[in-house]
Amino acid sequence: MIQLYNVFKTYDGNIPALVDISLLIKEQSFVFVTGASGAGKSTLLKLLFGWERFDSGQILVKGMNVGKIKKEKLYLLRRHIGVVFQDYKLLPNKTVFENVAFAMEAIGASSRSMRYKTSDALKSVGLFKKRDSNPMQLSGGEQQRVAIARALVNNPAILLADEPTGNLDPDISLEILKLFEMANQQGMTVVFATHNHELVRHANYPFIILDKGNVVRP
Amino acid sequence: MFYSKHLNKALDNLKSNPQTSLISVSTFAAAFCILGLFMVLYVNLDSLLSTWSRQVQIIVYLKDDLKNPQRKTLEALFAKNPQISSVEYVSRQAAWENFKNTFSAETEFLQSLDFNPLPASYNLRFKPGPNRVENIRLFAETLGKKSEVESLEYGEKWISRFEKFMIFLRVFLLAVGGLLSLGLIFIISNTIKLSALARKNEIELMLMIGATHRYIKTPFLLEGALQGAAGAVLALLAAKGVHGYMSFQFSDSIAKIARDADFLFIGPSGILILFGVSVAVGWLGSYISINKVLNMENGS
């Protein structure tokens, strides 16, 4: 499902972000990527959905060779992947419903399926009643649920989460984790990047530890 | 469906940045109004040129000692030319009578002349058609070589000068149009860039979700084209207003200069060209800027 072979990535100024990374993440698995700030967790996730380009090595995601996909065709890869961020990335000028529907609209879904699937996604994160609210009126935990609903609405094969609980209280973090576990139980592969060791210990899933761009423990 | 959705988005964008949109539409209107007025000038000078060139005729002045058979040779040459519509022979005596009638006020001068200085001539008129002036010029060159002909007159100098001026005006119009378009492309690309940067988060999100470049670009391209279209409509209205004012205010002077020819406005094809160029400029400006913004994004 996700395979990395000897992947190197440096940022401008030759700062190494990832050094000789080789990994295999199986289909429908749940994997934590953990490590201190600056260890390369976010970079690793960004490489997986083609947001950043890598220097050498190979990355295969759902059978697609990420390094070989042309810029204009990256959308084909991204349609298999849902991404959730620490800062939610919600659009303040849209309602909760519109924010979630936006993900379907952007890939040209019909209005009818948009209505049904958006409602279903909001129900699955427990926010259907707040569908007409402005996301800025919601708490941090609720905003992250909206972001998760947006990532889930297109039913992607892979769910990438970059520090999704970074801004949340421990209790809320566990609730958010449960939503990812539910997605995993429905068949999605989940890659969950976090520096929260408590969460990793609590959930008891396989984990990858990164340190200064190197895999310490696969 | 695809375009109507994006058209709504483009209209929303225009509404959400009313000041910037207004500035760029006004700039479009001002620039294309200037271009439109130049086109009005061109259309009228062109019509004047065709009116004048329709009046062009060749006057063939004959040598004094010409005999009848030599005249018949020339007349046979005229008859061979299918573009000649009429041939009028003016004898020396008739020319002198005409001259005396025209200058009857100068009786003292006319009385002092005890001989007829005027040559006999032929007035040749030509049928209308394409390359009329060029055909007249070629025929005049042939006639000029004939031994029977003393000299020719067909106003070739001012016609060719005027034609050169029209070519210059055409080049000038293209240059002005080109420069104005370049300036407008720069302005519209900045306006759209502002609009795209204001929606940077939305664009970033669309890229992450898996929207195609076409899906992201289309509303911005339509926004630019709409600004161009609105600017062109305003420009044409303003140019029509100026044209109407000039027709009303200076009708007498225009009639004198143009020898009663109508003071024309740009024709339907000119209007379509102006509108099309304006829309294309808006589209192109947006295309440049949205591509720049997309290239700035990491994941694009």
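Residues numbered from 1 in each chain as written. Chains lettered and ligands numbered in written order. Predicted model: local features only at pLDDT ≥ 70, side-chain atom pairs only at ≥ 80, totals over all residues. Heavy atoms only, no water.

A few words on the overall build of chain A. Secondary structure summary: chain A contains 7 helices and 10 strands in total. Relative to the compact-globule value of 17 Å for 218 residues, chain A shows a C-alpha radius of gyration of 17 Å, a close match. Principal-axis analysis of the C-alpha atoms places the extent of chain A at approximately 45 × 40 × 35 Å. Looking at chain A alone, contacts between residues at least 24 apart form 69% of all its contacts between residues at least 6 apart. A total accessible area of about 10,200 Å² is found for chain A, and carbon and sulfur atoms account for 48% of it. The centroid of the 27 positive side-chain charges in chain A is displaced by 7 Å from the centroid of its 20 negative side-chain charges. (Helix = DSSP H or I, 4+ residues; strand = E, 2+ residues; numbered from the N terminus. Rg over C-alpha atoms; globule rule 2.2 N^0.38 Å. Contact = heavy atoms within 4.5 Å. Areas by Shrake-Rupley, 256 points an atom, 1.4 Å probe, with all protein chains shown as cover. Lys, Arg positive; Asp, Glu negative; His and termini not counted. Charge placed at Lys NZ, Arg CZ, Asp CG, Glu CD.)

A word on the environment of V216 of chain A. Residue and element names in this part refer to chain A. Take V216: it is sitting in strand β10 (residues 214-217). Judged by relative accessible area, which is 53%, V216 ranks as exposed. Between the alpha carbons of V216 and G35 there is a distance of 9.2 Å; along the sequence they are 181 residues apart. (Buried < 20%, exposed > 50% of the residue type's maximum accessible area, 1.4 Å probe, protein only.)

A few words on the pattern of salt bridges. For the structure shown, the criterion picks out 12 salt bridges over all chains. Among the salt bridges present, the one from E204 of chain B reaches K89 of chain A, with a minimum N-O distance of 3.6 Å. Placement of the pair is E204 of chain B in helix α8 (residues 200-209) and K89 of chain A in the loop between β6 (81-85) and α3 (96-105), with the two residues belonging to separate chains. Among the residues examined, E204 of chain B registers a relative accessible area of 15% and is labelled buried. (Salt bridge = Lys/Arg side-chain N within 4 Å of Asp/Glu carboxyl O.)

Next up on the list: the packing of α3 of chain A against helix α5 (residues 140-152) of chain A. All names here are of chain A. Look at α3 against α5: their axes get within 7 Å of each other, and the N-to-C directions meet at 30°. As the angle between them shows, α3 and α5 are arranged roughly parallel. Pair α3 / α5 crosses with right-handed handedness. Judged by residue contacts, V96, N99, V100 and A103 of α3 engage V146, A149 and R150 from α5. Here the residues of the contact of α3 with α5 sort into 5 nonpolar, 1 polar and 1 charged. (Axes fitted to C-alpha atoms, helices over the stretch in contact; angles between N-to-C directions. Parallel < 35°, antiparallel > 145°, perpendicular 65-115°, else oblique. Left-handed = near helix turned anticlockwise from the far one by under 90°. Nonpolar A, V, L, I, M, F, W, Y, C, P; charged D, E, K, R; others polar.)

A separate point is unusual backbone geometry. All names here are of chain A. We note that K89 has phi near 55°; this positive angle belongs to a residue other than glycine. You can call K89 partly exposed: its relative accessible area is 23%. Of note in this structure, E163 is not a glycine but carries a positive phi near 50°. Following the sequence through the fold, E163 ends up in the loop between β7 (158-162) and α6 (170-185). Residue E163 is classed as buried on the basis of its relative accessible area, which comes to 9%.

What follows deals with the confidence of the model for chain B. Predicted confidence across chain B gives a mean pLDDT of 84, with 95% of residues reaching 70 or more. Mean pLDDT across the secondary structure elements of chain B bottoms out at helix α5 (residues 107-112) of chain B, with 70, and peaks at helix α9 (residues 213-249) of chain B, with 92. (pLDDT = per-residue confidence, 0-100.)

Turning next to the packing of aromatic side chains. If you walk through the whole model with that rule in mind, you get 16 aromatic pairs over all chains. Between F180 of chain A and F192 of chain A, the ring centres sit 5.1 Å apart and the planes meet at 80°, which makes this aromatic pair edge-to-face. Residue F180 of chain A is located in helix α6, and its partner F192 of chain A is located in strand β8 (residues 189-194); the two are separated by 12 residues in the primary sequence. Taken as a pair, F180 of chain A and F192 of chain A share a single burial class, namely buried. Aromatic pair F28 of chain B and F32 of chain B: ring centres 6.0 Å apart, planes at 5°, arrangement stacked. Of this pair, F28 of chain B and F32 of chain B both sit in helix α2 (residues 18-54), separated by 4 residues, roughly a single helical turn. (Phe/Tyr/Trp six-rings, centres within 6.5 Å; stacked < 30°, edge-to-face > 60°.)

Another point: the domain arrangement of chain A. All names here are of chain A. Here chain A is partitioned into domain 1 (1-80 + 156-218) and domain 2 (91-154). For domain 1, the biggest contributors to the area lost against domain 2 are R79, P156 and L179; these three give 44% of the whole. For the pair domain 1 and domain 2, the number of links is 1 salt bridge. When the shortest N-O distance is used, the salt bridge between R145 and E175 registers 2.7 Å. For the pair domain 1 and domain 2, the interface holds 2 residue pairs in polar contact (both at pLDDT 80 or more). (Domains from an automatic or database assignment. Buried area = accessible area lost by both parts, 1.4 Å probe. Polar contact = N/O pair within 3.5 Å; in protein donor to acceptor, adjacent residues only side chain to side chain.)

Residue and element names in this part refer to chain B. The strand order across the open sheet formed by 4 strands is β2-β3-β1-β4, and the pairing between neighbours is antiparallel. The open sheet terminates on both sides in strands that have one partner only, identified here as β2 (84-90) and β4 (149-153). In this sheet, adjacent strand axes meet at a mean angle of 20° when their direction is disregarded. Here helix α3 (residues 68-80) sits on the sheet and contacts β1 (57-62), β2, β3 (121-126) and β4; the angle it forms with β3, its principal contact strand, is near 5°. (Pairing = 2+ DSSP bridges.)

Frequently, the measure chosen for interface size is the accessible area that the parts lose on association. Contacts between the two partners involve 22 residues from chain A and, on the opposite side, 20 residues from chain B. Along the contact surface separating chain A from chain B lie 2 salt bridges. Put simply, chain A and chain B have 4 residue pairs in polar contact (both at pLDDT 80 or more) between them. Secondary-structure elements contributing two or more residues to the side of chain A that touches chain B are α2 (74-78) and α3 of chain A. Residues belonging to the side of chain A that touches chain B are distributed by class as follows: 11 nonpolar, 3 polar and 8 charged.

Okay, helix α11 (residues 268-296) of chain B next. With 29 residues, α11 of chain B extends 42 Å from end C-alpha to end C-alpha; this agrees with the ideal 42 Å at 1.5 Å per step. Taken residue by residue, α11 of chain B has G270, L274, S278, V281, G282, G285, S286, S289, I290, N291, V293 and L294 of chain B as its buried positions. (Expected span 1.5 Å × (residues − 1).)

Another aspect to go through is the pairing of strand β4 (residues 56-61) of chain A. Residues and elements named next belong to chain A. Taken together, the 5 bridges between strand β1 (residues 2-11) and β4 define a ladder with antiparallel strand orientation. The residue of β4 that forms the bridge with F8 is S56. With 2 bridges connecting them, β4 and strand β5 (residues 64-65) associate as antiparallel partners. Paired with L60 across the two strands is N65, which belongs to β5. The antiparallel pairing of β4 with β5 creates a hairpin that spans 2 residues between the two strands, and K62 there sits at a positive phi of about 50°.

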